[in-house]
Each structure stands twice: as C-alpha cells, then as structure tokens.
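# Observations on chain architecture
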Amino acid sequence: MENANLLEIKNLTKSFGELNVLNGIDFTVMQGERIFVIGPSGSGKSTLLRCLNCMEDPTTGEIWFNGENLADLKVDINKHRRQIGMVFQQFNLFNNKTVLQNITLAPTYLRKKDQNKIKTANFFKKIANLFRKNKKELAPTISAKQITEEENERAMKLLKRIGLEDKANAYPSTLSGGQKQRIAIVRSLAMNPKVMLFDEPTSALDPEMVGEVLQLMKDVADEGMTMVVVTHEMGFAREAATRVLFMDEGLIKEDGTPEQVFDSPRDERLQEFLSKVL
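Here's what I pulled together on the structure shown here. (Residues numbered from 1 in each chain as written. Predicted model: local features only at pLDDT ≥ 70, side-chain atom pairs only at ≥ 80, totals over all residues. Heavy atoms only, no water.)

## Things to note about unusual backbone geometry
Its identity as a non-glycine residue notwithstanding, Cys-54 has a phi of 65°, on the positive side. With respect to the helices and strands, the residue Cys-54 is situated in the loop between helix 1 (45-52) and strand 4 (60-65). On the accessibility criterion, Cys-54 (8% relative accessible area) is buried. Unusually for a residue other than glycine, Glu-200 sits at a positive phi of about 45°. Summarising the element assignment, Glu-200 is placed in the loop between strand 7 (195-199) and helix 6 (207-222). (Helix = DSSP H or I, 4+ residues; strand = E, 2+ residues; numbered from the N terminus. Buried < 20%, exposed > 50% of the residue type's maximum accessible area, 1.4 Å probe, protein only.)

Below, the structure written as structure tokens:
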C-alpha cells in the first residue's frame, strides 16, 4: 500500500536518570521513505533508533507500528521486532558462527518456532476432530530440515547479490570491515523487514571501505525499502534521502527534503552545523 504510515512517533522522550536525551520527538515514516537523521554527537540520534527498535524503552510517548503502540509494555515487541531490521556501527556479528550461520540463525529459529506452534495447534485439532461432524482443516506444515534448506538457499542468494558467496563458510574475524557491514545488512534483509534502521553504518569503517557499504544501502533503497538512517555522510544523505531530519538537544529542529535542509536551512543551529561538516 503506497504512502501508508509505517511508523508514527508521538511526543517521544527518553531520560537516563536526570539526563534528558530525547525531549519530545514527533514524526511519521511513510512506506518507501528514506529518512536520514543528521546532527551533532549527543543530539539523541542513536537513542531514537534504539527506541524505534525497542532496544530502549521510551520514558514517555508513543511509537505506532502495525497498528500497535510499541511503547506499551503490554505489546509483544518481539513479534514486531521481526519486521524492523537494525544495522549497527560495530556490525554485531557472532564471531563463533560462520557468515552463513549469522545470516540464517534468526529466520531459521523463528520459522521453526512458528512451525512448532502450528504442529501443536494441529495436534489439538486432531483430538477435537474426533468428536466433530464438521472436521476442522489442519494447517499445512513443513519439516525443520526443509526450513533449514530454504533459509540456506535464501542466504546464498543474498551473499551472491553482494559478491560474497565465497565467504559463506568463513568466520567474521577473517573479513574486512566493509565485508562485515555488508553481511550485517544482508542479515537484516534475510528477515524480510518492513523497515530498516541504520545507526551510523559507516562510522567504524576505513575510508576505502565506505563506498561498498553505501552502494549496498543505495541498492536496498532503490528497491523500495523503507529506511531510517543515522549518518555523518552528508553527501550520501543528500543523494539517497527522500527526507532529512536535523536533530539537536533531543529535538527535531528541521525536517525537509535534502534540497531544503542542505541548500536553504532555516534553523540557525543547522546552519552552524552544516558550515562545519560540508
């Protein structure tokens, strides 16, 4: 559904003790938008992403996704987190698992877990059907082996897409920073998320490795993925964003197209920030 509200953030605040990091954030993410968040260090950008992915509980406010408020402690955030991919600064790959295992671990586990629930439900249906005239149809199931094979096949297709299929059985310690980050992005894509969050994905990379990661992100964006990206890469933000948010002191000080934000900034703090980074 085009132009549907995918995420809606209302008056979001986050405090750590007496430190107020987010001071009332309001914005909406539409399906297919690529929102880039810029601003000085300490402005609350990364904390915002961590709240959106339910890694931090907001102090107050609402985060609406799939018709539910993720800030409500009664909501099953694990169900929604499946559809919100997250890519970190430091890759966060499992060093004791191969590249292939890193990519397939979560989707394989979750699909097997779902199948176990279906099989349990089918078991009780079978018992109930013994006493019914109108038998309830059993849900189709697949084997754990088939799930593993399917996820391995999907992972290999993703690795081939980024030219790293020969690294499937390698361990993260043998990869370059750029390769690790591309694997981290592919790992998120393997979950078929509705939206992907990127927290300064190139900040830990050597300069010569930045381009390959940005190119993959651009390819993902060009395919229509909804993205919220915290970045210091101003050129990339200008090129790839549909909207740019400028954050300072835990607030969104400016929200506009790349042309508006970079070429005609209204906020004085944004003008000062851009004068130092461009």
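Once you've had a look at it, read on.
## Re the sheet that holds strand 1 (residues 5-16)
Strand order in the open sheet formed by four strands is 2-1-4-5, and the pairing between neighbours is antiparallel. Looking at the sheet topology across the chains shown, the edges are occupied by strand 2 (19-30) and strand 5 (68-69). Here two bridges tie strand 4 to strand 5, and the two strands are oriented antiparallel to one another. Bridge assignment links Trp-64 to a residue of strand 5, and that residue is Asn-69. This element, helix 1, spans strand 1, strand 2 and strand 4 of the sheet and lies at about 60° to strand 2. (Pairing = 2+ DSSP bridges. Contact = heavy atoms within 4.5 Å. Axes fitted to C-alpha atoms, helices over the stretch in contact; angles between N-to-C directions.)

## A short note on the nonpolar core
With 47 residues, the main nonpolar core has Ile-38, Ile-183, Ile-185 and Met-217 as its most contacted residues. Of all the elements, helix 6 adds the most residues to this core, at eight residues. Excluding anything up to four places from it in sequence, Met-217 contacts Ile-185, Phe-198, Pro-201, Met-227, Val-229 and Phe-236. Leu-7, Phe-27, Val-29 and Leu-48 belong to the second-largest nonpolar core, a separate cluster that totals 28 residues. (Core = buried A, V, L, I, M, F, W, Y, C linked by side-chain atoms within 4.5 Å.)

## Some thoughts on the sheet that holds strand 6 (residues 84-87)
Taken in spatial order, the six strands of this open sheet run 6-7-8-3-9-10, and their pairing is mixed. A single partner strand is all that each edge strand has here, and the edge strands are strand 6 and strand 10 (251-256). Each adjacent strand pair in this sheet contributes to an overall mean axis angle of 20°, direction not counted. Here strand 6 runs beside strand 7; their pairing, made up of four bridges, is parallel. Bridging across to strand 7, Ile-84 finds its partner in Val-195. Here helix 1 sits on the sheet and contacts strand 3 (34-38), strand 6, strand 7, strand 8 (226-230) and strand 9 (243-248); the angle it forms with strand 7, its principal contact strand, is near 150°. Contacts from helix 9 (residues 268-277) reach strand 3, strand 9 and strand 10, with the element oriented near 100° to strand 9.

## A look at the packing of helix 3 (residues 99-129) against helix 4 (residues 144-161)
Running from N to C, helix 3 and helix 4 point in directions that differ by 145°, and their axes come no closer than 9 Å. The handedness of the crossing between helix 3 and helix 4 is right-handed. Contacts from Val-99, Leu-100, Ile-103, Thr-104, Pro-107, Thr-108, Arg-111, Lys-112 and Gln-115 of helix 3 reach helix 4 at Ala-144, Ile-147, Thr-148, Glu-150, Glu-151, Asn-152, Ala-155, Met-156 and Leu-159. Classifying every residue of the contact of helix 3 with helix 4 by side-chain character gives nine nonpolar, five polar and four charged. (Left-handed = near helix turned anticlockwise from the far one by under 90°. Nonpolar A, V, L, I, M, F, W, Y, C, P; charged D, E, K, R; others polar.)

## Some words on helix 3
Helix length check: helix 3, at 31 residues, gives a terminal C-alpha distance of 45 Å against a target of 45 Å (1.5 Å per residue), a fit within 8%. The sharpest bend along helix 3 measures roughly 45° and falls at Leu-105, with the proline Pro-107 sitting one to four residues further on. Turning to helix 3, its buried residues are Val-99, Leu-100, Asn-102, Ile-103, Thr-104, Pro-107, Thr-108, Leu-110, Gln-115, Asn-122 and Asn-129. On its buried side, helix 3 packs onto helix 4 and helix 5 (177-189). (Expected span 1.5 Å × (residues − 1). Bend = angle between axes of the 7 residues up to and from the residue.)

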